[in-house]
Amino acid sequence: MDIRVVEGSDVCGHTAALHSVYVDAFCAPPWNEDAGRAAEFVERLARNAERPGFVAALAFEGSDLLGFATAWTTPSPFPTDRCYPQAAAGLGPDRTARWLCGARETDELAVRRDARGTGVAAGLLTAVTDDAPEGRSWLLTSLRSERALSFYRREGWTQATHPSPDGNGIVVFLGPRHPARTLAPQPL
């Protein structure tokens, strides 16, 4: 496996392969996204590639794309679109600003189903977060995938928000070197 890090709009040269991996990873259970969501990902990718600090990691086996990760620097003030309000509500305004703004935010991590469990996801996550400023990296994920939650925990990420266990909400994870990881509230 070969992991290549690309910055900015260079990622757009791989759009078709990224779309294919996205469909394979997210249009199946537990995510169950539809073709429209996969098309939205491709549209967002070009815009996201222009964000400050954007970086992508692509995992190849020969010429086949096995998976990818994208990340960027979280702006200040903290965004209010997508799932960001849920993250801010879980952390509160002070911790959101101190822990997340200016940190490296992993936005997408996708691996083809037949490449799961081979270290691809761990390699991709490391590739986009290893040089995070002061170790400050974070991500959001959904409670609907116990597999994803377990993966992040195994990789040393700390769950910083704890919505209802029966909920369908999102959770914030702080990276293994994030200086606030020991300050994150633990579940009751």
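That block above? That's the structure.
Every chain begins its residue count from 1, and numbering advances along the sequence as written. Where totals are concerned, whole chains, interfaces and linings use all residues; where local detail is concerned, this predicted model gives features only for residues with pLDDT of at least 70, and gives and counts side-chain atom pairs only at 80 or more. Each side-chain value is derived from all of the structure's non-hydrogen atoms; neither hydrogens nor water enter the calculation.

Asks: So what exactly am I meant to see when it comes to the sheet that holds strand β6 (residues 158–159) here?
Replies: Neighbouring strands of a sheet are bound in pairs by backbone hydrogen bonds; such pairs are parallel or else antiparallel. One open sheet accounts for 7 strands, arranged β1-β2-β3-β4-β5-β7-β6; its pairing is mixed. Of all strands in the sheet, those bounded by a partner on one side alone are β1 (2–7) and β6. Along the sheet, helix α6 (residues 146–154) contacts β4 (104–111), β5 (137–142), β6 and β7 (170–174); its crossing angle with β5, the most-contacted strand, is approximately 160 degrees. Two strands qualify as a pair provided that DSSP identifies no fewer than 2 bridges between them. Only DSSP runs of H or I reaching four residues or more are called helices, and only runs of E reaching two or more are called strands; each is numbered from the N terminus. Contacts: residue pairs with any heavy atoms within 4.5 Å of one another. To get an axis, a line is fitted to the C-alpha atoms, and for a helix only the part in contact is used. The angle between two axes follows their N-to-C directions and goes from 0 to 180 degrees.

Asks: Sorry if this is basic, but what is going on with the packing of aromatic side chains here?
Replies: Aromatic ring pairs are described here by two measures, namely the spacing of the ring centres and the angle between the planes. A pair of Phe, Tyr and Trp rings is counted when the ring centres sit within 6.5 Å of each other, with Trp represented by its six-membered ring. The angle between the planes then sorts it: under 30 degrees is stacked, over 60 is edge-to-face, the rest tilted. Inspection of the entire model under this criterion finds 10 aromatic pairs. Relative to Phe-26, the ring of Tyr-22 lies with its centre 4.8 Å away and its plane at 55 degrees, an arrangement referred to as tilted. Of this pair, Tyr-22 and Phe-26 are both found in helix α1 (residues 15–26), 4 residues apart, which corresponds to roughly one turn of the helix. Residue exposure (1.4 Å probe, protein chains only): buried if accessible area is under 20% of the type maximum, exposed if over 50%, otherwise partly exposed. Of the residues examined, Tyr-22 reaches a relative accessible area of 1% and is grouped as buried. Owing to a relative accessible area of 9%, Phe-26 belongs among the buried residues under this scheme. Here the basic side chain of Arg-51 rests over the ring of Trp-72, its NZ or CZ set 4.1 Å away from the ring centre. Definition used: whenever NZ (Lys) or CZ (Arg) falls within 6 Å of the ring centre and also within 35 degrees of the ring normal, the charge is taken to sit over that ring.

Asks: Sorry if this is basic, but what is going on with the pattern of salt bridges here?
Replies: Opposite charge on two side chains permits pairing when their charged atoms draw close. The term salt bridge refers to a pairing of a side-chain nitrogen on Lys or Arg with a carboxyl oxygen on Asp or Glu at a separation within 4 Å. For the structure shown, the criterion picks out 9 salt bridges. Close ionic contact of Arg-98 with Asp-94 constitutes a salt bridge, the shortest N to O distance being 2.9 Å. Residue Arg-98 and its partner Asp-94 are located together in helix α4 (residues 93–100), separated by 4 residues, close to a single helical turn. For Arg-98, a relative accessible area of 47% gives the class partly exposed.

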